[in-house]
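For reference, the chains in residue letters:
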Amino acid sequence: MDHDTHQPRRIAPPSPAIAALAQERLAGLATPPGALGRVGEVGAWLSAVQGEVPPHPLTDVRLVVFAGDHGVAAHGVSAYPAAVTEAMVRTIVAGRAGVSALAKEHGVTVTVLDVAVDADLADLPAAITAHKVRRGSGAIHLTDAMTREEADRSLALGAQVARELVEDGAQLLMTGDLGIGNTTPAAALVAAVLGLPADEVTGRGTGIDDDGWTRKRDVIAQALTRAEGRTADPVEVLTALGSADLAAATGFLVEAASLGVPVVLDGLMSLACAVVAEALAPGASAWWVAGHRSTEPAQAHALKSLGLEPLLDVGMRLGEGSGAVAALPVLRSGIAVLRDVALLSEILPS
Ligand SMILES: Cc1cc2ncn([C@H]3O[C@H](COP(=O)(O)O)[C@@H](O)[C@H]3O)c2cc1C
Ligand SMILES: O=C(O)c1cccnc1
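All values reported here derive from a predicted model rather than from experimental measurement.

This next bit is on the site of ligand 1. Not every one of the 18 residues close to ligand 1 is listed here, only the nearest: Ser78, Thr183, Gly205, Thr206 and Gly319. Breaking the shell around ligand 1 down by element, the ones donating at least two residues are helix H3 (83-93), strand E3 (172-178) and helix H7 (183-194). A class-by-class count of the residues in the shell around ligand 1 yields seven nonpolar, nine polar and two charged.

Lining the immediate environment of ligand 2, one finds 13 residues, of which Gly267, Leu268, Ser294, Arg317 and Gly319 sit closest. Partitioned by chemical class, the residues of the shell around ligand 2 number three nonpolar, seven polar and three charged.

Let us now look at the pairing of strand E2 (residues 108-116). Burial within E2 is extensive, with seven of its nine residues counted as buried. Relative to E2, strand E1 (residues 61-68) runs parallel, the two being bridged by eight bridges. Bridging across to E2, Val61 finds its partner in Val108.

Across the eight residues of E1, eight count as buried, placing the element largely inside the fold. Judged by which residues are buried, E1 turns out to be covered on both faces: Val61, Leu63, Val65 and Ala67 on one side and Arg62, Val64, Phe66 and Gly68 on the other are all buried. Strand direction decides the pairing type here: E1 and E3, joined by seven bridges, are parallel. Across the sheet, the residue bridging to Leu63 is Met174, located in E3.

The UniProt record annotates "active site" (unreviewed entry) at Glu320. For Glu320, a count of 27 C-beta atoms within 10 Å corresponds to the buried category. Here Glu320 is in contact with Val65, Ala97, Gly98, Val99, Gly176, Asp177 and Leu178, once residues within four sequence places are set aside.

Thresholds applied
Residues numbered from 1 in each chain as written. Chains lettered and ligands numbered in written order. Predicted model: local features only at pLDDT ≥ 70, side-chain atom pairs only at ≥ 80, totals over all residues. Near = placed C-beta within 6 Å. Helix = DSSP H or I, 4+ residues; strand = E, 2+ residues; numbered from the N terminus. Nonpolar A, V, L, I, M, F, W, Y, C, P; charged D, E, K, R; others polar. Buried ≥ 20, exposed ≤ 12 C-beta atoms within 10 Å, placed from the backbone. Pairing = 2+ DSSP bridges. UniProt positions renumbered as here; feature names shortened; annotations may be inferred. Contact = placed C-beta atoms within 7 Å.

As structure tokens, this is what we get:
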């Protein structure tokens, strides 16, 4: 990734020829046209991104959970204390988080990466902790989340992780998040890139009450004011309003798209990073599918701006990549129908 000049890096779409062949196969199946709905559409999309009609089965799916703490967590924007971040990193490592159960059920390999957790996790395997960028990111209403150098390093880290997984055989990637307070910087990123006011992006996160919502809205508004004039450059937006973990997830999304590997997006954090990644690398979103619609208003704005319609809408608001993993059966269903359903032309007498 060109981190020195930050010129937008246009990403080529999946092969239009293969995409057309996949649409042709879908239209020719022994079903009424459109009867498979989004299942058929996502099957055709997977064909296009794989460059193969019909698409091949997904046997190697990897989720990376980007973990970090956030200075805003000390300012009453979350229903939970920051100590939960470390505890949940350890719970993912132990395979007992919400996403762990879903990943086990659907055959997804989960990696958690300590990008900026405000705790010493050195007792965990080096693969998890070795690339830590910093301990916690700045409280964005008062100070930058990190330095520009740290933002560049985080972007490069995420890109490197994507490359390593793809070299190791991953066919489909997913991004997840962990970090108390992270819905605040994520909402701020969406607001900054899309030019929205704090009111429209502020959600309830882990379940804050009305007073908490007002505090969170004010923190986001103050952060947006603080970053005024710096929002045209996506790396500057990450530096001022994001966090090291969100920057790493952004680098991961850009790199996956540039390698031509599909990604399933999750909730607010995933979509906030996707909005920044699309600004850094226009066209990248053609390689992503939205797993689910979260209850966060900023996620809805981000989905709309990217033209993505989620596969599931089941009221989830967990994070961790859980909504991406939960959508995997729909993706696999899409592959199954494109592979196994007869063509109408085969079963009708000519
Ligand atoms: C036990 C627990 C497990 C979680 N797993 C993901 N999150 C999610 O909720 C947090 C963001 O919401 P907010 O901005 O309101 O703090 C992040 O940790 C996110 O990953 C969790 C939150 C909690 C409490
Ligand atoms: O949209 C999400 O993924 C989300 C919402 C609330 C808390 N954690 C994650």
